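Okay, here's what each chain looks like letter by letter:
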Amino acid sequence: MSTSEPKRLSTNLATMYGRIAAGHERMKICFCSDLDKSVLISNFEKRGWVQVSADDDWNFYWAGTGTCRNIFSVDSGYRMHDNQLINHFPNHYELSRKDLLVKNIKRYRKDLERDGNPLAEKTEINIPGGSKYLYLDFIPVTFVLPADYNMFVEEYRKNPQSTWIMKPCGKSQGAGIFLINKLSKLKRWSREAKTSFHPQIGKESYVISR
C-alpha cells in the first residue's frame, strides 16, 4: 500500500459516514431536520455530525415530504450543491405510489417505442397474451382499478384460471393486499368493501397484477 493510500481511505470513510478513525482529522458534516425523532438525531450526533438550521449551510437534510416540495418548488428556484443530500426528491410519489409507478413505466415503454429505441423491441412470434417486450418485460400485466376495470375484465377472460394480486395504491407494508382467482370474488369484495368499480366514482384506487 502506498503512503497516500491510508489518507485516501480515511477521506472516503469520512465522505461516506461523516466520521473517520481516531488519529485522523475529523470532517465536519452539518445536518438539519424538520422531524423531532430521537432515533435520527442521536444517530447523526454519534457520527459527529453537527445540527444546524435549514437556513444555514447543510450537507444532509432529513425532511418531510411537504418540506421537500417547498424546497424544490418553482417559486423557490432552489438547487442543491454537490455536497448536499436529502432523503426525498421532488415528486417522489411518481415512483413510490403503485398506480403512478405503473403509469410511468407504461409511458416509458411508449416513449421508447415512438423513438424507435432498441430497448423497446418485442418478440416477433405472437404468444398467448400477445407479443412481449424483450427487455422491458420486468413488471406483470397490471391495471389500476376502478379506472381500468373494463380492460382488466377483458384480460382476465383470456385466461380465467390465472391468479391476480390486489394492492391498495396508497398503502404500504402489506396492508390491504389479497389474491383473487375468480371475477366473482372481486365483485363480492367490491360490494362488501362498498368500493364500487366505476371510473366516475372517486374511491380508493388499487392496482391488480397477474
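Everything quoted here is computed from the prediction, not taken from an experiment. (Residues numbered from 1 in each chain as written. Predicted model: local features only at pLDDT ≥ 70, side-chain atom pairs only at ≥ 80, totals over all residues. Heavy atoms only, no water.)

S.K.: Which parts of the structure should I look at to understand the overall build of the chain?
M.R.: Looking only at helices and strands, the chain has 7 helices and 8 strands in total. Sorting the 210 residues of the chain into buried and exposed places 30% on the buried side. Sequence separation of 24 or more characterises 51% of the internal contacts of the chain that already satisfy a separation of 6 or more. Per element, the accessible surface of the chain, about 14500 Å² overall, is 52% carbon and sulfur. (Helix = DSSP H or I, 4+ residues; strand = E, 2+ residues; numbered from the N terminus. Buried < 20%, exposed > 50% of the residue type's maximum accessible area, 1.4 Å probe, protein only. Contact = heavy atoms within 4.5 Å. Areas by Shrake-Rupley, 256 points an atom, 1.4 Å probe, with all protein chains shown as cover.)

S.K.: I would appreciate a short explanation of unusual backbone geometry in the present structure.
M.R.: Trans is the common state for peptide bonds, and a negative phi is the common state for residues other than glycine. Omega for the bond connecting Leu145 with Pro146 falls within 30 degrees of zero, at 15°, which places this linkage in the cis form. Tracing the backbone shows Pro146 in the loop between β5 (142-145) and α6 (149-158). Positioned with a positive phi, Gln173 is a non-glycine residue whose angle comes to about 60°. With respect to the helices and strands, the residue Gln173 is situated in the loop between β6 (164-168) and β7 (178-180).

S.K.: Just to check I follow, could you spell out the sheet that holds β6 for this structure?
M.R.: Two orientations exist for strands paired in a sheet by backbone hydrogen bonds: parallel and antiparallel. Taken together, the 4 strands give an open sheet; going across it, the order is β5-β8-β6-β7, and neighbouring strands pair in antiparallel fashion. With one partner strand each, in any of the chains shown, β5 and β7 form the two edges of the open sheet. Sheet twist, expressed as the mean angle between neighbouring strand axes with direction ignored, is 25°. Summarising the sheet, β5 and strand β8 (residues 206-209) pair through 4 bridges and their orientation is antiparallel. (Pairing = 2+ DSSP bridges. Axes fitted to C-alpha atoms, helices over the stretch in contact; angles between N-to-C directions.)

S.K.: Sorry if this is basic, but what is going on with the sheet that holds strand β1 (residues 30-33) here?
M.R.: Within the open sheet, the 4 strands sit side by side as β2-β1-β3-β4. Their pairing is parallel. Edge strands, defined here as strands with exactly one partner in the open sheet, are β2 (50-51) and β4 (85-86). Where strand β3 (residues 60-62) meets β4, 2 bridges bridge the pair, whose relative direction is parallel. Residue pairing across strands places Tyr61 opposite Ile86, the latter belonging to β4.

S.K.: Got a minute to help me understand the pattern of salt bridges in this structure?
M.R.: Pairing between side chains of opposite charge can happen when their charged atoms approach one another. What the rule picks out here adds up to 6 salt bridges. Here Glu94 makes a salt bridge to Lys103, at a shortest N to O gap of 3.5 Å. Taking relative accessible area as the criterion, Glu94 reaches 26% and is therefore assigned partly exposed. When salt bridges with common partners are traced through the structure, they connect Glu155, Lys158 and Arg210 into a single cluster. (Salt bridge = Lys/Arg side-chain N within 4 Å of Asp/Glu carboxyl O.)

S.K.: It is not clear to me how the confidence of the model for the chain should be interpreted in this structure. Could you clarify?
M.R.: Close inspection of predicted coordinates is inappropriate for parts of the model with low pLDDT. In this model, the chain carries a mean pLDDT of 82, and residues with pLDDT of at least 70 account for 80%. Throughout residues 1-24 the model reports pLDDT below 50, and contacts reaching past four residues in sequence, or to other chains, amount to 21 contacts. (pLDDT = per-residue confidence, 0-100.)

S.K.: What am I meant to see in helix α2 (residues 38-46) here?
M.R.: It helps to recall that an α-helix has 3.6 residues per turn; residues three or four apart then point in one direction. Every buried residue belonging to α2 is among Leu40, Ile41 and Phe44, and all of these are buried. For α2, the angular spread of the buried residues around the axis is 90°, confining them to a single face. Away from the buried face of α2 by more than 90 degrees, exposed residues Ser38, Val39 and Lys46 are located. Tucked inside the fold, the buried residues of α2 contact β1, β2 and β3. Trailing α2 by a residue or two, Gly48 shows a phi angle of about 85°, which is positive. (Arc of directions from axis to C-beta.)

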